[in-house]
Amino acid sequence: TATATAPEPVVKTGIVLVDDFNRANGGLGSDWTTIGNAPVIATNRAQGGAPSVNLRIVYYAARHHTALTSASQEVAFTPIAATAGATASLGGGVFLRSTTGGDRVECAITDTQIIIGTRISGTATNRATASATSVTSARFTAVGNVYSAYVNGSGSPAVTWTDSGSLIAIGSTTRSVGIIVVSRDSFGSVTRGSGVDSWTAQDL
C-alpha cells in the first residue's frame, strides 16, 4: 500500500539589505547609486551635504545597488540628528517602490510629523501626514497599493496612503529602495534635516 507523503513546505526567500553607515566620512560607497544630489557619510550616519549658497532646500537621494525581488517591500531606519546645523523640521527618511530613475514613494520624519509622499519626474507631492514626535525608529511598508508607516516599534501604522490612482507601478520596474536626506543653505549658513542610521530593507 502506497504511503502518502506530505508536500514539501514552501519556503519564501527574499533579500535583506543592511547598512549602518559606520565607515569613513565621504561618499556612501560602492553599494549605493546617487539619484540627483549625493548624500554623504558624516560620523557614521548618512546626511545631506553642503548646497550652493542660498539654495532654499536641496534633496539628496541614493538607491541601493541591490534591488528587492518582490512587490511587497519594507524599509526601516533610525532617524539621527545631523552632525552640524541639525534642523529636524527639514525631515529625512527612506523610499521604496522606486524605479532606477527615481520615481518612488517616500517616508520622511520631521520633528512633528511623519509624511508619506511620492516623487515622480522629480516632483515631490505629500500624500498623507500624521503627527509624530520623539521618533526613535521608523518602518515603512508597501503591500499591494497600500503604504504604511510605523514608528517606535508600534504594530499599528501611524499613517497610511492608498495609491488608488496607480501613480507608482507595482512590479519588476519598482524594486529599488534607498534613502533621502535634506539640506538648506541661507547665505552660507547650512542647516540639515535628520540623518539616516541603521537602515534595513527587505522583501515581505
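Notes on the structure follow. Everything quoted here is computed from the prediction, not taken from an experiment.

1. Some thoughts on the overall build of the chain
In terms of regular secondary structure, the chain is built from 0 helices and 16 strands. Its C-alpha atoms put the chain at 85 × 35 × 30 Å along the principal axes. Out of the 204 residues belonging to the chain, those deemed buried represent 45%. In the chain, the share of contacts with a sequence separation of at least 24, taken over all contacts with a separation of at least 6, comes to 64%. On the chain, the mean spot of the 13 positive side-chain charges and the mean spot of the 12 negative ones are 6 Å from each other.

2. Structural notes on the pairing of strand β14 (residues 176–186)
Along β14, 9 of the 11 residues are buried, which leaves the element largely enclosed by surrounding structure. Looking at chain direction, strand β5 (residues 58–64) and β14 are connected through 6 bridges and run antiparallel. The residue of β14 that forms the bridge with Tyr60 is Val181. Examined bridge by bridge, strand β7 (residues 92–98) and β14 share 5 bridges and lie antiparallel to one another. Residue pairing in the sheet places Phe95 in a bridge with Gly178 of β14.

3. Overview of the pattern of salt bridges
Per the counting criterion, the structure on display carries 4 salt bridges. With a closest N to O distance of 2.8 Å, Asp19 and Arg23 form a salt bridge. Among the ionic pairs, Arg139 bridges to Glu74, the shortest N-O distance being 3.1 Å. A residue pair is termed long-range when its members are at least 10 positions apart, and Arg139 in strand β11 (residues 138–143) and Glu74 in strand β6 (residues 73–80) qualify at 65 residues. On the accessibility criterion, Glu74 (10% relative accessible area) is buried. Through salt bridges with shared partners, one network takes in Arg104, Glu106 and Arg119.

4. A word on the pairing of strand β16 (residues 195–203)
The two faces of a sheet get side chains in turn, since along a regular strand they alternate between them. Summarising the sheet, strand β1 (residues 16–19) and β16 pair through 4 bridges and their orientation is antiparallel. Considered in β16, the bridge of Asp19 is made with Trp199. Summarising the sheet, β6 and β16 pair through 7 bridges and their orientation is antiparallel. Within β16, the position partnered with Thr78 by the bridge is Asp197.

5. Some points on the packing of aromatic side chains
By the definition in use, this model includes 4 aromatic pairs. A ring pair is formed by Phe140 and Tyr147, whose centres lie 6.3 Å apart and whose planes are at 35°; its orientation type is tilted. Taking relative accessible area as the criterion, Tyr147 reaches 0% and is therefore assigned buried. By the ring-pair criterion, three or more aromatic residues cluster together here, those being Phe21, Trp32 and Trp199. Over the face of the ring belonging to Phe95 we find Arg104, whose NZ or CZ atom lies 4.7 Å from the ring centre. A cation over a ring is seen here: Arg139 above Tyr150, with NZ or CZ 4.0 Å from the ring centre.

6. Details of unusual backbone geometry
It is generally the case that most residues other than glycine have a negative phi and that most peptide bonds are trans. Located in the positive-phi region is Arg97, a residue other than glycine, with phi close to 45°. Taking the relative accessible area as the measure of exposure, Arg97 reaches 0% and is therefore buried. One non-glycine residue, Ser121, lies in the positive phi region at around 50°. Tracing the backbone shows Ser121 in the loop between β9 (113–120) and β10 (123–131).

7. With respect to the environment of Ala138
Relative to the helices and strands, Ala138 is located in strand β11. For Ala138, a relative accessible area of 6% translates into the label buried. Taking the C-alpha atoms as reference, Ala138 lies 9.8 Å from Ala158; in sequence the two are 20 residues apart. Apart from residues lying up to four places away in sequence, Ala138 is in contact with Val75, Ala76, Phe77, Ile109, Tyr150 and Val151.

What counts and what doesn't
Residues numbered from 1 in each chain as written. Predicted model: local features only at pLDDT ≥ 70, side-chain atom pairs only at ≥ 80, totals over all residues. Heavy atoms only, no water. Helix = DSSP H or I, 4+ residues; strand = E, 2+ residues; numbered from the N terminus. Buried < 20%, exposed > 50% of the residue type's maximum accessible area, 1.4 Å probe, protein only. Contact = heavy atoms within 4.5 Å. Lys, Arg positive; Asp, Glu negative; His and termini not counted. Charge placed at Lys NZ, Arg CZ, Asp CG, Glu CD. Pairing = 2+ DSSP bridges. Salt bridge = Lys/Arg side-chain N within 4 Å of Asp/Glu carboxyl O. Phe/Tyr/Trp six-rings, centres within 6.5 Å; stacked < 30°, edge-to-face > 60°. Lys NZ or Arg CZ within 6 Å of the ring centre and 35° of its normal.

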